[in-house]
Amino acid sequence: MIDTGYCSAATGGWYFGSDELPSASEAFVAWPPNLIMRAVSLLPSCTEILFTLGVKPVGVSHSCDHPEAVADIPTVTSTVIDYEDHTADEIDAQMQSVDGAVYDLHLDQLAALKPDLVVTQATCDVCAVDATQVHDAVTKLDTEPDVLTLDPHSFSDVIDDIQRVGDAINESEAATTLTTELQTTVKQIEATTETAVGTNGRPRTAVLDWTDPPIRAGHWVTEMIEQAGGDASFQPAGASEPVSWKQITEYDPEVLVVTPCGFERDRARDAIDDLKQRQGWEEMTAVTDGRVYAVDGNALFNRPSHRLIESLEVLQWCIHPEPVGLSDATRNYVSHLARPNRRSI
């Protein structure tokens, strides 16, 4: 007999049996973990979705790092880029110097796992293995697994993709339960936003997902700023795009959120230290008002999974901190930089 597995979306973890049950607020759904579907995830966001829906992937990308159980799963990709201990401009220089693919898909490792399903993405060609490469690779496998390509460009697309993943792994009911819970949370956040905006208006908000060169975050982020109660006019309508420092200072954000792709919170703080050297930094309203935030982009904003809800909560807290609170766990993803000559937290 298989114990019932309770999945906590808050932690990405499983609780088995009756001795270690999560609270009602943590447990989105209870169902037996899927022990049949052999899924390979080539992107961290999908790995998180699979775990939350009850399927432990048999293979993952080298970038997958959440939940902790992923550490024991074989990886089927690698990259020629060295991200560790390099600044944003050094990483960008590596990217620009690559002649060919930035990411490699190891066909022998993939074949050995005999997957039923391979999940990839087409949203960003510098974030993961190219979808075309994946489709070409699976035709060379004896099993020729199904390929599910995710291509979210808005917050609502991310919600839809959770359902698509659930349908693909025979966990439609679990996906529906999760997406319903997420939509309910979004409505609650939007209700709080409406009250906050009525009192404080919509402050000019800028979100950067890279700093050297500066890149303003697009895709789902623009929609999230609006949901969180900010003025999102600085952000692009589509994909993330480079922006000049002059454009940033002329916009003069009242709230600046720096969440570099692939950077944890402390590295995001280091990236802000680089911005401090630029002309006009000290005169920016967000700086003089002490409303600059370094956020763990690797865990939150850069990953289009159910954890974007935490990103939305963080963003709302940055824009309207007075009526909004954060759990200690979520607060750990954020560093609030104080006004000049004051201590940051």
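Residues numbered from 1 in each chain as written. Predicted model: local features only at pLDDT ≥ 70, side-chain atom pairs only at ≥ 80, totals over all residues. Heavy atoms only, no water.

A. Quick peek at the overall build of the protein chain. When its secondary structure is counted, the protein chain shows twelve helices and 14 strands. Here the protein chain holds 345 residues, and the buried ones make up 52% of them. For the protein chain, the accessible surface area stands at approximately 15,800 Å², while carbon and sulfur atoms represent 46% of it. (Helix = DSSP H or I, 4+ residues; strand = E, 2+ residues; numbered from the N terminus. Buried < 20%, exposed > 50% of the residue type's maximum accessible area, 1.4 Å probe, protein only. Areas by Shrake-Rupley, 256 points an atom, 1.4 Å probe, with all protein chains shown as cover.)

B. Just helix α9 (residues 265-275), in detail. Every buried residue belonging to α9 is among R267, A268, A271, I272 and L275, and all of these are buried. Seen end-on, α9 carries its buried residues on one side only, within an arc spanning 155 degrees. (Arc of directions from axis to C-beta.)

C. Region of interest: the pattern of salt bridges. Per the stated rule, a full pass over the model turns up twelve salt bridges. A salt bridge links R164 to D161; the nearest nitrogen and oxygen atoms lie 3.1 Å apart. Pair noted here: R164 and D161 are both in helix α5 (residues 155-168), with a separation of three residues, about one helical turn. Its relative accessible area of 6% is what places D161 among the buried residues. Linking E241 and R216 is a salt bridge whose minimum nitrogen-to-oxygen distance equals 2.7 Å. Here E241, found in strand β11 (residues 241-242), pairs with R216, found in strand β10 (residues 214-216); they are 25 residues apart in sequence, far enough to count as distant. According to the relative accessible area criterion, E241 is partly exposed, its value standing at 28%. On the accessibility criterion, R216 (13% relative accessible area) is buried. If you follow the salt bridges from partner to partner, you end up with E48, D65, R303, R307 and E310 in one network. (Salt bridge = Lys/Arg side-chain N within 4 Å of Asp/Glu carboxyl O.)

D. Fine view of the side chain of T185. Considering the arrangement of structural elements, one finds T185 in helix α6 (residues 172-200). By relative accessible area, which is 16% here, T185 ends up buried. The contacts of T185, once residues within four sequence positions are left out, are I309 and E313. (Contact = heavy atoms within 4.5 Å.)

E. Seen up close, the sheet that holds β11. The sheet built from six strands is open, its strands ordered β11-β10-β9-β12-β13-β14 with mixed pairing. In the strand order of this sheet, the two ends are held by β11 and β14 (334-337), each with one partner. In this sheet, β11 lies alongside β10 in antiparallel orientation, the contact comprising two bridges. Bridged to R216 within β11 is E241. Sitting on the sheet, α9 is in contact with β9 (205-211), β12 (255-258), β13 (292-295) and β14, with an inclination near 140 degrees to β13. (Pairing = 2+ DSSP bridges. Axes fitted to C-alpha atoms, helices over the stretch in contact; angles between N-to-C directions.)

F. Spotlight on the packing of aromatic side chains. As enumerated under the stated definition, the model contains four aromatic pairs in all. On the basis of an interplanar angle of 25 degrees and a centroid distance of 4.8 Å, the ring pair of F234 and Y251 is categorised as stacked. Here F234, found in the loop between α7 (220-228) and β11, pairs with Y251, found in helix α8 (residues 245-251); they are 17 residues apart in sequence, far enough to count as distant. Judged by relative accessible area, which is 5%, F234 ranks as buried. Between Y293 and W317, the aromatic rings sit 5.7 Å apart at their centres with planes inclined by 65 degrees, giving edge-to-face as the arrangement. Placement of Y293 in strand β13 and of W317 in helix α11 (residues 308-319) is noted, with a sequence separation of 24 residues between them. For Y293, a relative accessible area of 3% gives the class buried. Of the residues examined, W317 reaches a relative accessible area of 13% and is grouped as buried. In this structure, R216 is placed above the aromatic ring of F234, and the distance from its NZ or CZ to the ring centre is 4.9 Å. The ring of F263 carries the charged tip of R267 above its face, separated from the ring centre by 4.1 Å. (Phe/Tyr/Trp six-rings, centres within 6.5 Å; stacked < 30°, edge-to-face > 60°. Lys NZ or Arg CZ within 6 Å of the ring centre and 35° of its normal.)

G. Structural view of the sheet that holds strand β8 (residues 146-150). Pairing within the open sheet is parallel, and its three strands lie in the order β4-β7-β8. Two strands in the sheet have a free side with no partner beyond their single neighbour: β4 (39-41) and β8. With strand direction ignored, the average angle separating the axes of adjacent strands in the sheet is 20 degrees. Bridge analysis of β4 against strand β7 (residues 117-121) gives three bridges, and the strand direction is parallel. Its bridge partner lying in β7, A39 is registered against L117. Taken strand by strand, α5 contacts β7 and β8, and its axis lies near 170 degrees from that of β8.

H. The arrangement of the packing of α6 against α11 in detail. Running from N to C, α6 and α11 cross one another at 5 degrees; their axes reach a closest spacing of 11 Å. Classed by the angle they form, the pair α6 and α11 counts as roughly parallel. Two secondary-structure elements touch here, α6 through L182, T185, V186, I189, T192 and T193 and α11 through I309, L312, E313 and Q316. Each residue belonging to the contact of α6 with α11 can be placed in one class, and the counts come to five nonpolar, four polar and one charged. (Parallel < 35°, antiparallel > 145°, perpendicular 65-115°, else oblique. Nonpolar A, V, L, I, M, F, W, Y, C, P; charged D, E, K, R; others polar.)

I. Representation of the packing of helix α1 (residues 44-53) against α5 within the structure. Put simply, α1 and α5 touch, their axes get as near as 10 Å, and they point 60 degrees apart. It follows from the interaxial angle that α1 and α5 lie oblique. Note that α1 runs across α5; the crossing there is right-handed. On the side of α1, the interface is formed by C46, I49, L50 and L53, while α5 contributes I162, V165 and G166. Taken together, the residues of the contact of α1 with α5 sort by class into six nonpolar, one polar and no charged. (Left-handed = near helix turned anticlockwise from the far one by under 90°.)

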